[in-house]
Amino acid sequence: MAMLELSKVARVYRKGDNEVRALDGVDLFIEAGEFLAIVGPSGSGKTTMLNILGCLDSPSSGTIVYDGTDLHGLDEKALSAYRRDRISFVFQSYNLIPVLTVRENVELPLVIEARARGRSSKDGAPFATKTRSDAEIKALALEMLEAVGLGGKADRFPRELSGGQEQRVAIARALVKKPLVVLADEPTANLDSRTAGEILDLMRDINEKKGATFIFSTHDHMVMERARRIVTLHDGQIASDTTSRIATADSAPGGISDTTSHGRS
Amino acid sequence: MGTLWKIALRNVFRHGRRTAITAIVMMVGIGTYIVYDSILGGMDRLAIDGMVRYSASWLKVRTPAYVADETGTPLDHGIPDPAGTAAAMRRAAPAIKAVTPRSLFVGQASNYIDAEPILCAVVDPEGDAKVFDLASSISSGSWLAPSGGPPNQVVISATLAKDLGLKVGGTVILSARTVYDTENADEFTVAGIADGGLNLPASLYMSYADGKTFLGDSLPVTELDASSPRAPNLEDELAASAAGAKAVGSALPSLDAQPIGEFAKDYLALKDSKQKGSFMIVFVILLIAAVGIVNTILMSVYSRVREIGVLRAYGMTAVDIKKLFVREGLIIGAIGSLAGLLLGGGFVAWLHGTGLRLASLFNGLDLGAFPANGVLYAEWRPADFVIGLAFGLVAAWLAARSPAKRAARMEPTDALRFV
Ligand SMILES: Nc1ncnc2c1ncn2[C@@H]1O[C@H](COP(=O)(O)OP(=O)(O)OP(=O)(O)O)[C@@H](O)[C@H]1O
Ligand SMILES: [Mg+2]
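Worth saying up front: this structure is predicted, and the values here are computed from it rather than measured.

J.: Kindly report on the sheet that holds strand S4 (residues 61–66) of chain A, identifying the contributing residues and their values.
T.: All names here are of chain A. One open sheet holds the 4 strands; their spatial order is S2-S1-S4-S5, and the pairing between them is antiparallel. This sheet does not close on itself; its edge strands, each paired only once, are strand S2 (18–30) and strand S5 (69–70). Looking at chain direction, strand S1 (residues 4–15) and S2 are connected through 10 bridges and run antiparallel. Bridge assignment links Val 12 to a residue of S2, and that residue is Arg 21. Its contacts with the sheet put helix H1 (residues 46–53) on S1, S2 and S4, and the angle it makes with S1 is roughly 120°.

Next comes the structure, spelled out in structure tokens:
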């Protein structure tokens, strides 16, 4: 069973008489441990897709089954709890909390989780894990910062870091709670190409070593080429879905030479 | 958890200027309220001190018959054995420092051309000076000489001196009904002019030696007035005086012992309406501060829309987002209120210690109930500090709620797209 199954997912935005079908009947299976890029021209529905995968938005029709859980019909509160326990985000503009130190930023998802757990056991119950102490949270955050190569910057504030470093912190923040999936909407769009490459390498490295699932959108060809699987959207529909058999990141330019087409349910 | 507070606190200090402006408005508002109310309290105190220092005294003992017929100022309801009674008063209420007799009567004062009916008081020059401030309020001339001085000397009020054009050394003709129910008239020399404003109980004062000559040897003592050390706070003073009156009243059941509160009744009733004025001040200024807080929090919300999106994406609840911004408002409110307490407290401490000379403030103005030579000391009112802080925090909380709710209502997707 796939970790994530989308079937006939559509998202329609209505503005007066106008109707925009941002997603239009998307079927997609995603397995745990994938490293998947969603590409496509501007307005093709990438952000909409990631929002729906991230439980930030609900489809107008169609179903999403996450790890055996059908998200259909969950209210905002339940979606929020699901997000909190299972899903992480990396954003184009890093979006670190400026008043928190690097370490505190990385601790934040765990703190939010602990807070929800402490408040009541009922609302987060289906996905509950054990409550962590402050010391455990701190240790986990530092461990994650080491993993992204920023162990020495734990007590700095985001404004003291470069863009690439900020995005590394954002990745550490995304991974610290060991989510089911990390969703990244154009994570390298604000970075120069060399730094973008480094960030992609880091994500891929973590994907390989820790088995974390990454789904990211991009416009950038160089970034696309490092993905193992590329889903191309066009006008809200999947135009192509290809998987590279070559798993190493450094084979970049020819990385997608050998591809197979995924079956679409 | 501390994280919401931490984020709120750091944001408040990150935007120091924004915080400072709002906090300063609150500080000024709450500080003004505290100072204003303390000055009001000081004015009440000054007015009541005026009564105590010139007419009511700390504790006044008269016969019930006299009290019943007070407006007639009759000379036939005197206190039997004034010396023994004074001693009994001191025994009953050890807080009493000194006791002095006075006898009030109605007379007619004239300068040979004009005449006016006045209230007169026969006093013991030495004892009176220990209980009342009249002796030390002589603006020209001198206080009545102790026994053995020249006869027929009087001290008159500045008002009477003005009305009849009298100066120190001048002559006033006084006529009055004696204890034998006959009319008597005599010439008196003005020894001094007293300045006590409206607090003076009588317009003319003479010694018992002269009083007995003028009104009859059996001139009764119509009242015994007691003094006690001044309590720093009005409430304490009123309470001590009431307790003293109760003790004296039960020790001397045939007499009527009246505390300060009895004489200040009308004045104290007015006090409550003045209090409303100070609430208006704090209300208006807190309204302005509340607008400032609404604005500050709105700015804070709009400068952090994407941060709100991130927190929501990571599963923070709308309730917690609201709390985050409400706490920011509360922190600003607390800073402003505490600064206001400090500012107000500092001012009050200074006014309480140094005092304001009324004469230098209102040069030559008629101050009515306030003695022109009075010094206004602000009163400490601990309740004002509690009220000020509570008002500030509640106003900040109420003000922060609506922008905080706005932050909580944002859709995470919209918040994340916001640039
Ligand atoms: N909140 C919204 N309200 C109305 N229409 C929307 C909204 N969000 C997206 N759309 C529309 O849905 C379509 C898909 O938008 P989406 O943001 O998913 O595209 P995208 O592939 O992420 O584009 P880009 O590469 O520019 O980020 C677009 O036509 C867009 O205008
Ligand atoms: Mg997009």
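Right, picking up where we left off after that structure.
J.: Could you give me a rundown of the domain arrangement of chain B, with the residues and numbers involved?
T.: The extent of an interface is frequently quoted as the accessible surface area lost upon association of the parts. Residue and element names in this part refer to chain B. Split by domain assignment, chain B resolves into domain 1 (3–50 + 270–418) and domain 2 (57–263). Summarising the inter-unit geometry, the C-alpha centres of domain 1 and domain 2 are found 50 Å apart. At the interface, 14 residues of domain 1 touch 13 residues of domain 2. Inspection of the region where domain 1 meets domain 2 yields 2 salt bridges. As a salt-bridge pair, Asp 49 and Arg 230 come within 2.8 Å of each other at their nearest N and O atoms. Taken together, the connections running from domain 1 to domain 2 amount to 5 residue pairs in polar contact (both at pLDDT 80 or more). Looking at which element gives the most residues to the side of domain 1 that touches domain 2, the answer is helix H2 (residues 16–54), with 6 residues. The class makeup of the residues in the side of domain 1 that touches domain 2 is 6 nonpolar, 3 polar and 5 charged.

J.: Any chance you could break down the interface of chain A and chain B for me, citing the residues and the numbers?
T.: On the side of chain B, 23 residues touch chain A, which itself brings 28 residues to the contact. Of the roughly 2,400 Å² buried between chain A and chain B on both sides combined, carbon and sulfur atoms contribute 60%. Where chain A packs against chain B, one counts 4 salt bridges. The salt bridge involving Asp320(B) is made with Arg115(A); its shortest N-O contact spans 2.6 Å. Linking chain A with chain B are 10 residue pairs in polar contact (both at pLDDT 80 or more), by the criterion used here. When contributions to the side of chain A that touches chain B are tallied by element, the ones reaching two or more residues are helix H2 (76–86), strand S6 (87–90), helix H3 (102–119) and helix H5 (163–175) of chain A. In terms of residue count, H3(A) provides more of the side of chain A that touches chain B than any other element does, 7 residues in total. Within the side of chain A that touches chain B, the residues separate by chemical class into 13 nonpolar, 6 polar and 9 charged.

J.: Lay out the nonpolar core with the relevant residues and their values.
T.: When a protein is soluble and globular, its nonpolar side chains tend to lie buried together. Counting 122 residues, the largest nonpolar core has Leu53(A), Tyr66(A), Ile215(A) and Phe216(A) as its most contacted members. The biggest single contributor to this core is helix H12 (residues 318–353) of chain B, with 9 residues.

J.: I'd love a proper account of a nonpolar patch on the surface, names of residues and values included.
T.: The grouping of Met280(B), Phe283(B), Val284(B), Leu287(B) and Ile288(B) at the surface amounts to a nonpolar patch, some 490 Å² of accessible area in total. Of note, Leu287(B) is situated in helix H10 (residues 265–303).

J.: With reference to specific residues and values, describe the site of ligand 1.
T.: Around ligand 1 sit 15 residues in total, of which Ser42(A), Gly43(A), Lys46(A), Thr47(A) and Thr48(A) are the nearest. Around ligand 1 the close residues trace back to chains A and B. Contact distances for ligand 1 include 2.5 Å between an oxygen atom and a side-chain N or O atom of Ser42(A). At a separation of 3.3 Å, an oxygen atom of ligand 1 approaches a polar backbone atom of Ser44(A). Expressed as a share of its isolated accessible area of 630 Å², the protein-covered part of ligand 1 is 72%. Those elements that place two or more of their residues in the shell around ligand 1 are S1, S2 and H1 of chain A. The element best represented in the shell around ligand 1 is H1(A), accounting for 3 residues. Of the residues contributing to the shell around ligand 1, the split by class is 4 nonpolar, 7 polar and 4 charged.

J.: Can you explain the packing of helix H1 (residues 2–14) of chain B against H12(B)? Please cite residues and give values.
T.: Residue and element names in this part refer to chain B. Their axes nearest at 9 Å, the elements H1 and H12 cross at an angle of 50°. Classified by the angle between their axes, H1 and H12 sit oblique to one another. Where H1 crosses over H12, the handedness of that crossing is right-handed. Touching Leu 4, Trp 5, Ile 7, Ala 8, Leu 9, Asn 11, Val 12 and Phe 13 of H1 are Asp 320, Lys 323, Leu 324, Arg 327, Glu 328, Ile 331, Ile 332 and Ile 335, all from H12.

J.: Got a sec to walk through unusual backbone geometry? Specific residues and values, please.
T.: Positive phi is not limited to glycine here, since Asp235(A) has a value of about 50°. Positive phi is not limited to glycine here, since Asp181(B) has a value of about 65°. Mapping Asp181(B) onto the fold places it in the loop between strand S6 (171–177) and strand S7 (183–194). Under the relative-accessibility criterion, Asp181(B) is labelled exposed at 54%.

J.: Summarise the environment of Ser337(B); cite the residues concerned and give the values.
T.: All names here are of chain B. Inspection of the secondary structure assignment puts Ser 337 in helix H12. Through-space distance from the C-alpha of Ser 337 to that of Lys 323 is 20 Å; in sequence the pair is 14 residues apart. In contact with Ser 337, other than residues within four places in its own chain, are Met 26, Ile 30, Leu 389, Gly 392 and Leu 393.

J.: Which residues make up the packing of aromatic side chains, and what values do they have?
T.: Residues and elements named next belong to chain A. For the coordinates displayed, the defined rule picks out 9 aromatic pairs over all chains. Considering the side-chain rings of Phe 35 and Phe 214, the 5.7 Å spacing of their centres and the 70° angle between planes classify their relative orientation as edge-to-face. Placement of the pair is Phe 35 in strand S3 (residues 35–39) and Phe 214 in strand S8 (residues 214–218), with a sequence separation of 179 residues. Owing to a relative accessible area of 1%, Phe 214 belongs among the buried residues under this scheme. Aromatic pair Tyr 66 and Tyr 82: ring centres 5.4 Å apart, planes at 50°, arrangement tilted. Of this pair, Tyr 66 sits in strand S4 while Tyr 82 sits in helix H2, and the two are 16 residues apart along the sequence. Each member of the pair, Tyr 66 as well as Tyr 82, is classed as buried.

J.: For helix H8 (residues 234–251) of chain B, give the residues involved together with the corresponding values.
T.: All names here are of chain B. For H8, with 18 residues, the first-to-last C-alpha span of 26 Å sits near the 26 Å given by 1.5 Å per residue. Of the residues making up H8, those classed as buried are Leu 234, Glu 237, Leu 238, Ser 241, Gly 244, Ala 245 and Val 248. The buried residues of H8 occupy one face: seen down the axis, they fall within an arc of 130°. Exposed positions of H8 whose direction lies more than 90 degrees from the buried face are Glu 235, Lys 246 and Ser 250.

J.: Quick one: what's the story with the pairing of S6(B), residue by residue and with numbers?
T.: Along a regular strand, successive side chains alternate from one face of the sheet to the other. Residue and element names in this part refer to chain B. Pairing of strand S2 (residues 98–110) with S6 involves 4 bridges; the strand directions are antiparallel. Considered in S6, the bridge of Ala 109 is made with Leu 174. Across 7 bridges, the pairing between S6 and S7 is antiparallel. Bridge pairing in S7 links Arg 177 to Glu 183. As consecutive antiparallel partners, S6 and S7 are separated by 5 residues, and within that stretch Asp 181 has a phi angle of approximately 65°, a positive value.

The rules we used
Residues numbered from 1 in each chain as written. Chains lettered and ligands numbered in written order. Predicted model: local features only at pLDDT ≥ 70, side-chain atom pairs only at ≥ 80, totals over all residues. Heavy atoms only, no water. Pairing = 2+ DSSP bridges. Helix = DSSP H or I, 4+ residues; strand = E, 2+ residues; numbered from the N terminus. Contact = heavy atoms within 4.5 Å. Axes fitted to C-alpha atoms, helices over the stretch in contact; angles between N-to-C directions. Domains from an automatic or database assignment. Salt bridge = Lys/Arg side-chain N within 4 Å of Asp/Glu carboxyl O. Polar contact = N/O pair within 3.5 Å; in protein donor to acceptor, adjacent residues only side chain to side chain. Nonpolar A, V, L, I, M, F, W, Y, C, P; charged D, E, K, R; others polar. Buried area = accessible area lost by both parts, 1.4 Å probe. Core = buried A, V, L, I, M, F, W, Y, C linked by side-chain atoms within 4.5 Å. Buried < 20%, exposed > 50% of the residue type's maximum accessible area, 1.4 Å probe, protein only. Patch = residues over 30% accessible without salt bridge, like charges linked within 9 Å, V, L, I, M, F, W, Y side chains within 5 Å. Areas by Shrake-Rupley, 256 points an atom, 1.4 Å probe, with all protein chains shown as cover. Near = heavy atom within 4 Å. Parallel < 35°, antiparallel > 145°, perpendicular 65-115°, else oblique. Left-handed = near helix turned anticlockwise from the far one by under 90°. Phe/Tyr/Trp six-rings, centres within 6.5 Å; stacked < 30°, edge-to-face > 60°. Expected span 1.5 Å × (residues − 1). Arc of directions from axis to C-beta.

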